[in-house]
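Observations on chain architecture
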Amino acid sequence: PANVVLGSDSVDGYLHRSPHFGAIAGRYANRIARGRFAIDGIEYQLDINAPPNALHGGRHGFDKVVWQAEALDGEALILRYLSPDGDEGFPGNLAVEVTYRLGAGNDLRIDYAAATDKPTIVNLTNHSYFNLAGEGSGDVLDHMVSIAADHFTPTDATQIPTGEIRSVAETPFDFTQPRAIGERIRIADEQLLLAHGYDRVINLTGGIA
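Just so we're clear, the structure is a prediction, and the values are computed from it rather than from any experiment.

Structural notes on the pattern of salt bridges
In this structure the tally under the stated criterion is 9 salt bridges. Among the ionic pairs, Asp 111 bridges to Arg 109, the shortest N-O distance being 2.8 Å. On the accessibility criterion, Asp 111 (31% relative accessible area) is partly exposed. Here Arg 109 falls in the exposed class, since its relative accessible area comes to 51%. Shared partners join several salt bridges into a network, and the residues in it are Glu 70, Arg 80 and Glu 97.

Below you can see the structure in the form of structure tokens.
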């Protein structure tokens, strides 16, 4: 057995020093340009915690709170959190439930549900760091990855999508067939250089296999 999901050895580490280890990223995963958005003609300004943008819900996002946990029947767990109206600048009370379930084939399923009392935006995801060779075993550049995605969304220098949808063909982002992560990571590709490596998986149109 090996610890293949990187993390902290204490709750304090997750609350104060973790780079989103295993986190539920929210209220809004990824970046919001200049931390601004509008709903029904009302403009909202979020905390700029990744200048010049807002990232993963702000300085005190969902990764920095303690969720209520309840064990379910079988190999399952549900986490609950109520984000109050105005939390990190987002409108509406948002009640969130995230369920983790381990299947008979050692598959992990994560289901997200959220309800609000005011028009708002929400974009939840899991932010785990995996090393399938085990913690402390070195980097992951030899890991083989396949991603069922034939397009990706390029970003600008601040990692905000430009609006273009580009084919992965003949780019370092083509993982439609299994490839080692490190095989093309040092190619002089503009998108790799802007992100200092692969920070685009969230923008690929598909899922990780």
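From this point, the discussion proceeds with the structure in view.
Examining a nonpolar patch on the surface
Together, Val 5, Phe 130 and Leu 132 make up an exposed nonpolar region whose accessible area comes to about 280 Å². On the secondary structure map, Phe 130 appears in the loop between β10 (125-127) and β11 (144-145).

What to know about the nonpolar core
If you look at the biggest cluster of nonpolar residues, it comprises 11 residues: Ile 24, Phe 62, Val 65, Trp 67, Leu 79, Tyr 81, Leu 94, Val 96, Val 98, Tyr 100 and Leu 124. Looking at this core, the elements with two or more residues in it are β7 (76-83) and β8 (94-102). The greatest single-element share of this core, amounting to 4 residues, is contributed by β8. Discounting chain neighbours no more than four positions away, the residues touching Tyr 100 are Ile 24, Glu 75, Ala 76, Leu 77, Leu 79, Leu 108, Arg 109, Ile 110 and Asn 126.

Digging into the layout of surface pockets
Of the voids in this model, the second largest pocket is the one considered here, and its volume is about 790 Å³. Lining the second largest pocket are 35 residues, and of these Gly 22, Ala 23, Tyr 100, Asn 126 and Ser 128 sit closest to its centre. For the lining of the second largest pocket, the class distribution of residues is 22 nonpolar, 9 polar and 4 charged.

Re unusual backbone geometry
Between Gly 26 and Arg 27 the backbone carries a cis peptide bond, its omega angle lying at 10°. Cis geometry is adopted by the peptide bond preceding Pro 52, which originates at Pro 51 and carries an omega value of 5°. Tracing the sequence through the fold places Pro 52 in the loop between β4 (42-45) and β5 (54-55). The phi torsion at His 56 lies on the positive side, around 50°, for a residue other than glycine. We note that Asn 106 has phi near 65°; this positive angle belongs to a residue other than glycine.

Considerations on the environment of Arg 186
On the secondary structure map, Arg 186 appears in the loop between β14 (179-180) and α2 (190-195). With a relative accessible area of 70%, Arg 186 lands in the exposed category. Between the C-alpha atoms of Arg 186 and Lys 64, which are 122 residues apart in sequence, the distance is 33 Å.

Some thoughts on the pairing of strand β3 (residues 36-39)
Of the two faces of β3, only the one carrying Phe 37 and Ile 39 is buried; Arg 36 and Ala 38 on the other face are not. Turn length for the β3-β4 hairpin, with the two strands adjacent in sequence and antiparallel, is 2 residues, and the turn residue Asp 40 shows positive phi of about 50°.

Things to note about the pairing of β7
Here strand β6 (residues 68-72) pairs with β7 via 5 bridges, running antiparallel. The partner of Ala 71 across the bridge, within β7, is Leu 77. What sits between β6 and β7 in their antiparallel hairpin is a turn of 3 residues, with Gly 74 showing a positive phi close to 80°. In this structure, β7 lies alongside β8, joined through 8 bridges in antiparallel fashion. What sits directly across from Tyr 81, in β8, is Val 96.

Points about the sheet that holds β7
In space, the 4 strands of this open sheet follow the order β6-β7-β8-β9, with antiparallel pairing throughout. Sheet topology places β6 and β9 (108-116) at the edges, where each strand pairs with a single neighbour. Here the average twist between neighbouring strands, direction ignored, is 15°.

Thresholds applied
- Residues numbered from 1 in each chain as written.
- Predicted model: local features only at pLDDT ≥ 70, side-chain atom pairs only at ≥ 80, totals over all residues.
- Heavy atoms only, no water.
- Salt bridge = Lys/Arg side-chain N within 4 Å of Asp/Glu carboxyl O.
- Buried < 20%, exposed > 50% of the residue type's maximum accessible area, 1.4 Å probe, protein only.
- Patch = residues over 30% accessible without salt bridge, like charges linked within 9 Å, V, L, I, M, F, W, Y side chains within 5 Å.
- Areas by Shrake-Rupley, 256 points an atom, 1.4 Å probe, with all protein chains shown as cover.
- Helix = DSSP H or I, 4+ residues; strand = E, 2+ residues; numbered from the N terminus.
- Core = buried A, V, L, I, M, F, W, Y, C linked by side-chain atoms within 4.5 Å.
- Contact = heavy atoms within 4.5 Å.
- 1 Å grid on protein atoms, 1.4 Å probe; cavity = no way out; pocket = protein on both sides within 12 Å on 5 of 7 lines; lining within 4 Å.
- Points joined across faces, edges and corners; volume = space filled by probe spheres on them.
- Nonpolar A, V, L, I, M, F, W, Y, C, P; charged D, E, K, R; others polar.
- Pairing = 2+ DSSP bridges.
- Axes fitted to C-alpha atoms, helices over the stretch in contact; angles between N-to-C directions.

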